[in-house]
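Summary of the model geometry
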Amino acid sequence: MDPLYQTNLQCICCESSYPTSKVRPSFKKATTTDTDFCGYYKNGINPDFYVVRVCPSCGFASTENGLSQLSDRQKKQYYEQVGVRWSVREFGGERDMEQALSCYKLALLSGQSVGEKERVLAGILHHIAWLYRYQGKVQEEQRFLRFALQSYIKVYEEEGEQLNNARLMYIIGELNKRIGESSEAVRWFSRIINDKRIMDAAMIRASRDQWQQLREEMAASGQDSLSAGGLG
């Protein structure tokens, strides 16, 4: 069975129809997953390569979680900032690493031009960091992890308190850990562990594991991890 199948979409910017490929559910199971949810897949097919849909006519790129329609003003903003430089290209078939990276960067530019939800932009930035991780490009990965972290923090400031989103808090802690901000990471993990309102057992367990690992690393390097946040 072909791991890919095609579906037709209508562009929310220029309204033309175009095909895009998706990965069948049976091929979506990762063999291993990093602590920030970056997945690794066998059979040469990575579902993350196909998250972004790109209109070949106007170049507008988005994800399933993105905006479902654009106002005339948003369309104008897109064309002025991004679309004016677009030359017709097809991303509807099988994608390699570089094509996937191009799609995510198009989605980032498209989303920024139309005022996409911060949560969606954060996810796009995080996926770009993963693509650089796959390629072993550490400097670029770190750069986009920092961008993603800044974006996730904005999401938390705007909506996280209301959502009591343990996964979002965990990601903020985890990305702080990955960019070397150990004390800040400890604080975020501690908040999850100590907040009695949080009932997400998986995130509490993951936060506890990361907190313990960081505490040991910080103790070994002479830092006082407990001053940055302890277990209740």
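Quick look at the structure, then.

The rules we used
- All chains use their own residue numbering, which begins from 1 and follows the written sequence.
- Predicted model: local features are reported for residues with pLDDT of at least 70 only, side-chain atom pairs are reported and counted for 80 or more only, and whole-chain, interface and lining totals are derived from all residues.
- The side-chain values count all of the structure's non-hydrogen atoms but skip hydrogen atoms and water molecules.
- Note on conventions: DSSP H or I runs of at least 4 residues are helices, E runs of at least 2 residues are strands, and numbering of each starts at the N terminus.
- With the radius of gyration taken over C-alpha atoms, the globule rule is written as 2.2 Å times the number of residues to the power 0.38.
- Only protein chains enter the calculation, and the probe is 1.4 Å; a residue is then buried if its accessible area is under 20% of its type maximum, exposed if over 50%, and partly exposed in between.
- We call two residues in contact whenever any of their non-hydrogen atoms come within 4.5 Å of each other.
- Per-residue and other accessible areas were derived by the Shrake-Rupley procedure at a 1.4 Å probe size, with only the shown protein chains allowed to occlude residues.
- The term salt bridge refers to a pairing of a side-chain nitrogen on Lys or Arg with a carboxyl oxygen on Asp or Glu at a separation within 4 Å.
- A helix is expected to span 1.5 Å multiplied by its residue count minus one.
- N or O atoms closer than or at 3.5 Å make up a polar contact, with two conditions inside protein: a donor-capable atom paired with an acceptor-capable one, and, for residues adjacent in sequence, both atoms drawn from side chains.
- Think of a nonpolar core as a cluster: buried Ala, Val, Leu, Ile, Met, Phe, Trp, Tyr and Cys residues, connected wherever their side-chain atoms sit within 4.5 Å.
- Any pair of cysteine sulfurs within 2.5 Å is marked as a disulfide.
- Exposure above 30% relative accessible area and the lack of any salt bridge qualify a residue for a patch; like charges then connect within 9 Å, and the nonpolar side chains Val, Leu, Ile, Met, Phe, Trp and Tyr within 5 Å.
- Lys and Arg are tallied as positive, Asp and Glu as negative. Neither His nor the chain termini are counted.
- Note on charges: their place is set at NZ of Lys, CZ of Arg, CG of Asp or CD of Glu.

1. Describing the overall build of the protein chain
- The secondary structure content of the protein chain amounts to seven helices and six strands.
- Walking the protein chain from its N terminus toward its C terminus, one meets helices and strands in the order β-β-β-β-β-β-α-α-α-α-α-α-α.
- Against the globule reference of 17 Å for 232 residues, the protein chain gives a C-alpha radius of gyration of 20 Å, in line with a compact fold.
- When burial is assessed residue by residue, the protein chain has 47% of its 232 residues classed as buried.
- Sequence separation of 24 or more characterises 60% of the internal contacts of the protein chain that already satisfy a separation of 6 or more.
- For the protein chain, the accessible surface area stands at approximately 12,000 Å², while carbon and sulfur atoms represent 48% of it.

2. Re the pattern of salt bridges
- Per the counting criterion, the structure on display carries 13 salt bridges.
- A salt bridge links Lys76 to Glu80, with the shortest nitrogen-to-oxygen separation between them at 2.6 Å. Of this pair, Lys76 and Glu80 both sit in helix α1 (residues 72-81), four residues apart, roughly one helical turn.
- A salt bridge links Glu116 to Lys117, with the shortest nitrogen-to-oxygen separation between them at 3.6 Å.
- Glu116 gets classed as buried once you look at its relative accessible area, which sits at 11%.
- Through salt bridges with shared partners, a single ionic network connects Asp34, Asp36, Arg133, Glu141, Glu174 and Arg178.

3. Regarding helix α5 (residues 166-178)
- Compared with the 18 Å implied by 1.5 Å per residue over 13 residues, the 18 Å span of α5 between its first and last C-alpha is a close match.
- Counting buried residues along α5, eleven of its 13 residues qualify, which places the element largely inside the surrounding structure.
- Where α5 begins, the side chain of Asn165 points an oxygen toward the backbone nitrogen of Arg167, at a separation of 3.1 Å.

4. Re the nonpolar core
- Core analysis: the largest hydrophobic core is formed by 54 residues, its most contacted members being Val54, Ile128 and Tyr152.
- Counting residues per element, the ones that place at least two in this core are α2 (97-114), α3 (118-134), α4 (138-163), α5, α6 (182-194) and α7 (201-220).
- In terms of residue count, α3 provides more of this core than any other element does, nine residues in total.
- Once you skip the residues sitting within four places of it in the chain, Tyr152 turns out to touch Ala122, Gly123, His126, Leu168, Ile171, Ile172 and Leu175.
- Cys55, Cys58, Tyr78 and Val114 belong to the second-largest nonpolar core, a separate cluster that totals ten residues.

5. With respect to the state of the cysteines
- All told, the structure shown has zero disulfides when counted by the stated rule.
- Between Cys14, a cysteine without a disulfide, and Cys55, which holds the nearest cysteine sulfur, the sulfur-to-sulfur distance is 3.6 Å.
- Using a relative accessible area of 27% as the deciding quantity, one classes Cys14 as partly exposed.
- Of the cysteine sulfurs around Cys58, a residue in no disulfide, the closest is that of Cys11, at 3.6 Å.

6. A few points about a negative patch on the surface
- Together, Asp2, Glu94, Asp96 and Glu98 make up a region of like negative charge exposed at the surface.
- Among the secondary structure elements, Glu94 is positioned in the loop between α1 and α2.
- Given the relative accessible area of 59%, Glu94 is considered exposed.

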